[in-house]
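Spelled out, the chains give:
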Amino acid sequence: MLLYITLIASALAGILNVEILDVGQGDSILIRSPAGKTVLIDGGTGRKNNIVDYLRARQIEELNMMVATHAHADHIGGLDEVLAAIPVKLFLDSGLPHTTQSYKKVMNLVENKNIKYMTAKAGRIFRLDDGIELKILHPQDALLRSTRSDLNSNSVVIRLTHKNNCFLFTGDAEEPTEHLLVQKGLEPCKVLKVSHHGSNHSSTPSFLKAVQPEIALISLGAGNRYGHPGTESMKRLKRTGAAIYRTDLLGTIQLQSDGNQITVTSDRNDAKPIQSKKVSIPISKSEMTEPPIKKDTSSQQNGFNINTATQSQLESISGIGPKKAQAILQFLESNGPIQSHSELQKVKGIGAKTAAKIAAQSYIE
């Protein structure tokens, strides 16, 4: 009853609620407008933190919009549970498919439930209430190709505005996406959901110079195997002067916007309201002249990332046919990302020699 009264009071007061849900090593963002319209961006892995429980605790009976920023399991793994349990009016994704079971489950539910589907393209605008607007900034009409991770680089990027407040949601966008957005004239935004769990492959100096965030939010799991957030990205974020909030340290992070002021609280900590202010970010001349799309060749010395591999990439390796490739993909889908190529020997038909061949043509992240 108390929660219900609180939600009514928020609606009457014209309060926009944005929550970075604590889903461990993954992403999930819940947006609630003053009039009760709801948007869910990503759904974590769905293994330990069931998004349906989060939604039901907030008495949400339907979603006006669901956005899958990209098809990696730590972003869409829990969306099938939501689609099965709660009516969804509109589903958006980047339009870039994937071979995993998680992706197939989600898309099958969208089709079987006759949910309206739309590809997220730069320039599309969705309006809620109280002047709230969601604008798609990325992907572009022509998807980015031959990047370190095409799925990450074509993540759906959304700018949410509520009067004088702005929120920027970036999925797992990496350097190529950030450089392209800057090149197209990215405007400052008060709140930044830091891309790719704080990976060193995101939060480039030129991008942060353009965004000028006052609040930086990082969604990640405690003690995760990837070393997120990256040391270098954290240094760059700290130089902005933004207040940094992390789900691994604070749990679910709640932000309330009245259109001018933003209040931040969390499961384990409260923060004073943060007033609007300009932040100056030092940036060198060389950083300002970075090429619009810069590939990370150091990571590409060994081909592709095995944890985000496609069927065709696996089949390009000598001795890997369609059946073995599918078995590897199913293993990764069921067990999550590997930390060592030797783990692939757990896949039926993959021995030490084959695992070594895979290791010679792929890297791990």
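Coordinates for the structure precede this section.
Just so it is clear, the model here is predicted, and its values are computed rather than measured. (Residues numbered from 1 in each chain as written. Predicted model: local features only at pLDDT ≥ 70, side-chain atom pairs only at ≥ 80, totals over all residues. Heavy atoms only, no water.)

Caption draft 1: Seen up close, the environment of glycine 26. Mapped onto the fold, glycine 26 is located in the loop between β1 (16–20) and β2 (29–32). Spatially, the C-alpha atoms of glycine 26 and histidine 197 are 7.6 Å apart, while their sequence positions differ by 171 residues. The residues contacting glycine 26, other than those within four sequence positions of it, are Asp74, His197, Ser219 and Leu220. (Helix = DSSP H or I, 4+ residues; strand = E, 2+ residues; numbered from the N terminus. Contact = heavy atoms within 4.5 Å.)

Caption draft 2: View of the nonpolar core. Judged by nonpolar contacts, the single largest core of 32 residues is most densely connected at Val18, Ile31, Leu92, Leu160, Phe167, Phe169 and Leu255. For leucine 92, the residues in contact, after removing those within four places along its chain, are Met65, Met66, Val67, Ala68, Met118, Ala120, Phe126 and Ile136. Counting 28 residues, the second largest nonpolar core, distinct from the first, contains Leu21, Leu79, Val82 and Val110. (Core = buried A, V, L, I, M, F, W, Y, C linked by side-chain atoms within 4.5 Å. Buried < 20%, exposed > 50% of the residue type's maximum accessible area, 1.4 Å probe, protein only.)

Caption draft 3: Expanded view of the packing of aromatic side chains. Throughout the structure, instances matching the rule amount to two aromatic pairs. On the basis of an interplanar angle of 25° and a centroid distance of 6.2 Å, the ring pair of phenylalanine 91 and tyrosine 117 is categorised as stacked. With a gap of 26 residues between them, phenylalanine 91 in strand β5 (residues 90–93) and tyrosine 117 in strand β6 (residues 116–119) connect regions that are remote in the sequence. Given the relative accessible area of 1%, phenylalanine 91 is considered buried. (Phe/Tyr/Trp six-rings, centres within 6.5 Å; stacked < 30°, edge-to-face > 60°.)

Caption draft 4: Looking closely at the sheet that holds strand β7 (residues 125–127). With mixed pairing, seven strands are arranged side by side in an open sheet as β7-β8-β9-β10-β11-β12-β13. Since the sheet does not close on itself, it has two edges, and those belong to β7 and β13 (243–246), each with one partner. On average, each strand axis in the sheet is inclined to that of its neighbour by 15°, with strand direction left out of account. Where strand β10 (residues 165–169) lies against strand β11 (residues 191–193), three bridges are found, and the strand directions are parallel. By the bridge assignment, phenylalanine 169 is partnered in β11 with lysine 193. Contacts from helix α7 (residues 175–183) reach β8 (132–138) and β9 (157–162) within the one sheet, and its direction differs from that of β8 by about 115°. (Pairing = 2+ DSSP bridges. Axes fitted to C-alpha atoms, helices over the stretch in contact; angles between N-to-C directions.)

Caption draft 5: A look at empty space enclosed by the protein. Under the criterion given, the structure shown has three cavities of 30 Å³ or more. When contributions to the lining of the largest cavity are tallied by element, the ones reaching two or more residues are β5 and α5 (101–112). Of the residues forming the lining of the largest cavity, the biggest block, three residues, is contributed by α5. Residues that form the lining of the largest cavity fall into these classes: eight nonpolar, three polar and one charged. (1 Å grid on protein atoms, 1.4 Å probe; cavity = no way out; pocket = protein on both sides within 12 Å on 5 of 7 lines; lining within 4 Å. Points joined across faces, edges and corners; volume = space filled by probe spheres on them. Nonpolar A, V, L, I, M, F, W, Y, C, P; charged D, E, K, R; others polar.)

Caption draft 6: Just helix α14 (residues 352–360), in detail. Three or more residues of α14 are buried, namely Thr354, Ala355 and Ile358. In an axial view of α14, the angular spread of the buried residues amounts to 100°, which keeps them on one side of the axis. Turned more than 90 degrees off the buried face of α14, the exposed positions are Lys353 and Ala360. (Arc of directions from axis to C-beta.)

Caption draft 7: Spotlight on unusual backbone geometry. Across the junction of histidine 138 and proline 139, the peptide omega takes the value 10°, indicating a cis bond. With respect to the helices and strands, proline 139 occurs in the loop between β8 and α6 (150–153). Following histidine 228, the chain continues into proline 229 via a peptide bond in cis, with omega recorded as 0°. By secondary structure assignment, the location of proline 229 is in the loop between β12 (215–218) and α9 (231–239). Located in the positive-phi region is asparagine 114, a residue other than glycine, with phi close to 55°. Its location among the elements puts asparagine 114 in the loop between α5 and β6. Look at asparagine 114 and you get exposed, because its relative accessible area is 69%. Positive phi, normally seen in glycine, also occurs at serine 203, with a value near 55°. With respect to the helices, strands and loops of the structure, serine 203 is situated in the loop between β11 and α8 (205–211).

Caption draft 8: Here's a closer look at α9. Listed as buried for α9 are Ser233, Met234, Arg236 and Leu237. Projected onto a plane normal to the axis of α9, the buried residues spread over an arc of 160° and lie on a single side. Facing away from the buried side of α9 by over 90 degrees, the exposed positions are Thr231 and Lys238. Lining the buried residues of α9 we find α8, β12 and β13. Glycine 241 occupies a position one or two residues after α9 and carries a positive phi of about 85°.

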